[in-house]
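Below, each chain spelled out in residue letters.
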Amino acid sequence: MDSSFPIDELPLSVLLHIFSFVPWRDKYSVARVCKKWNSLVKDKSLWTYVDLTYETPRHNFKHSPKLLQFMQTYLGRTLKSFRTGACSVNNKVLEFLHYHCPNLQELILEGNVNQELELSLLPETLTCLEISGMMPQDYPKNWFRPLTPDYFPNLTSFTVQDPRNPEQTLHHISRLQTLCHLKLLDFDQEPISRPSFLTLVRNLNKLQSLSIEGCCGVPADYTMLIAKHLPKLKQLKLDDSDFLKGKDLKPLITLQHLERLSLECCENVSFKHVAKVVQAMPRLKHLHYCTHKCRYVKRHVLFEKYAFIQSLNPDLQLYYAYWPHWEDFLMEPDSDSDINQFGDEDAPDVCRGWDAESSQSEDEN
């Protein structure tokens, strides 16, 4: 008995379900098989999550007309998430999303945008908006002015990278009182002033997740302001923060709901400071911590430090940037490059005297 079954004889609903697992770039190849499949690929239900980040030369949407033609052919009411990648985005693209994609929830704008782009054209259904991958001069002037609850009543997550005017951007973001997740990336045009940061945390007191990564400067007491005005915070990322010192972690101990803390590439935060935080916060579930100095410390020294931190809270998931988990140190082979270039006196055992309070240790780390 022949067990083979022609795929073309499958019901249309089954074929649609199969095609839903095909990446968007490969759907073009599927469409060229026959007229039936070409018609099926154009079904709007297949295009729910579209990511144009890794477009191929054959499917080049760097010009807005090509992108708009693609959207008119395939996208519609079922679209929930759309990532533009390096595609050129203009107001016609946003108008299409507004009128033809009423269920769009996530939009990620990257790279090339028109200087006359208006965020007010975006659909009100958005719950997640990310704007990244652009140079400061690429941002349209007064672009963030429409960031108000009137235009985005459902917005709960917002990400912005390297804006043209950081102070003005923070002022507009502070009006989005529905936000639960906020990411501020690479604010390196000018330091963030204390009044602007204070206004931000006061107005966004419902935040559950906050990321401040790669910023050139923040107020000296910004961790105190976070701890005081964001009591519901569950996740905090302070990566790539040269201005963060060990003593700045102390106010974070009062955050009763904090479960995730990330301190990657924080050069002025030592193992001793991290150990104090872990001991004082038994509710902490995930911790990311590393510095560039760790690359030059002997493997067994690092392992002892991370093992001691882990012993303070056995339930803590402890991550190291260059290994997924601290236990993976055991899986990595030793190499000749594992040289303690700082000397043993500069890498003391974290178990020895870390409880001692001294201004000298604060300055050193």
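Residues numbered from 1 in each chain as written. Predicted model: local features only at pLDDT ≥ 70, side-chain atom pairs only at ≥ 80, totals over all residues. Heavy atoms only, no water.

**Regarding the packing of aromatic side chains**
Item 1. Applying the stated rule across the entire model yields 9 aromatic pairs.
Item 2. Taking 6.3 Å as the distance between ring centres and 85° as the angle between the ring planes, the aromatic pair formed by F144 and F158 counts as edge-to-face. Taken as a pair, F144 in the loop between β4 (128-132) and β5 (157-161) and F158 in strand β5 lie far apart in primary sequence, 14 residues in all.
Item 3. On the basis of relative accessible area, F158 is assigned to the buried category, the value being 0%.
Item 4. By the ring-pair criterion, three or more aromatic residues cluster together here, those being W47, F70 and Y74. (Phe/Tyr/Trp six-rings, centres within 6.5 Å; stacked < 30°, edge-to-face > 60°. Helix = DSSP H or I, 4+ residues; strand = E, 2+ residues; numbered from the N terminus. Buried < 20%, exposed > 50% of the residue type's maximum accessible area, 1.4 Å probe, protein only.)

**Some details on the pattern of salt bridges**
Item 1. One pass over the structure, following the stated rule, counts 5 salt bridges.
Item 2. Across the pair D221 and R194 runs a salt bridge, and its minimum N-O distance is 2.8 Å. Placement of the pair is D221 in the loop between β7 (209-213) and α8 (222-229) and R194 in helix α7 (residues 194-203), with a sequence separation of 27 residues.
Item 3. Owing to a relative accessible area of 38%, R194 belongs among the partly exposed residues under this scheme.
Item 4. Notably, a salt bridge pairs E259 with K285, separated by 3.9 Å at the nearest N-O pair. Residue E259 is found in the loop between β8 (235-237) and β9 (260-264), and its partner K285 is found in the loop between α9 (271-280) and β10 (286-290); the two are separated by 26 residues along the sequence.
Item 5. In this structure K285 comes out as partly exposed when scored by relative accessible area, which is 43%. (Salt bridge = Lys/Arg side-chain N within 4 Å of Asp/Glu carboxyl O.)

**Let's talk about the sheet that holds strand β6 (residues 181-185)**
Backbone-to-backbone hydrogen bonds join strands into a sheet, with any given pair of strands oriented parallel or antiparallel.
Item 1. Here we have 11 strands laid out as an open sheet, ordered β1-β2-β3-β4-β5-β6-β7-β8-β9-β10-β11, and parallel in their pairing. Each of the sheet's edge strands pairs with one partner strand only, and the pair in question is β1 (49-51) and β11 (317-319). Neighbour-to-neighbour, the strand axes of this sheet turn through a mean angle of 5°, independent of strand direction.
Item 2. Two elements, β1 and strand β2 (residues 81-83), share 3 bridges in a ladder whose sense is parallel. Opposite V50, over in β2, you have F82 as the bridge partner. (Pairing = 2+ DSSP bridges. Axes fitted to C-alpha atoms, helices over the stretch in contact; angles between N-to-C directions.)

**A short note on a nonpolar patch on the surface**
Item 1. A surface patch of nonpolar side chains, about 210 Å² in accessible area, is lined by I7, V14 and I18.
Item 2. Along the chain, I18 turns up in helix α1 (residues 12-19).
Item 3. For I18, a relative accessible area of 35% gives the class partly exposed. (Patch = residues over 30% accessible without salt bridge, like charges linked within 9 Å, V, L, I, M, F, W, Y side chains within 5 Å. Areas by Shrake-Rupley, 256 points an atom, 1.4 Å probe, with all protein chains shown as cover.)

**With respect to helix α6 (residues 166-173)**
Item 1. Considered for burial, the residues of α6 that qualify are P166, T169, L170, H172 and I173. Taken down its axis, α6 places every buried residue within 160° of arc, on the same side. (Arc of directions from axis to C-beta.)

**Regarding the side chain of T84**
Item 1. With respect to the element layout, T84 can be found in the loop between β2 and α5 (91-100).
Item 2. Residue classification places T84 among the buried residues on the basis of a relative accessible area of 1%.
Item 3. Side-chain polar atoms of T84 contact the backbone nitrogen of E110, separated by 3.2 Å.
Item 4. Excluding residues that lie within four positions of it along the chain, T84 makes contacts with L52, V89, I108, L109 and E110. (Polar contact = N/O pair within 3.5 Å; in protein donor to acceptor, adjacent residues only side chain to side chain. Contact = heavy atoms within 4.5 Å.)

**Some points on the confidence of the model for the protein**
Low pLDDT marks regions whose predicted coordinates should not be analysed in detail.
Item 1. Looking at the protein as a whole, the pLDDT averages 79, with 82% of positions reaching at least 70.
Item 2. With pLDDT under 50 throughout, residues 323-365 is counted as low confidence; its partners more than four residues away or in other chains account for 65 contacts. (pLDDT = per-residue confidence, 0-100.)

**Observations concerning the side chain of Q310**
Item 1. Mapped onto the elements, Q310 comes out in helix α10 (residues 299-312).
Item 2. Look at Q310 and you get buried, because its relative accessible area is 10%.

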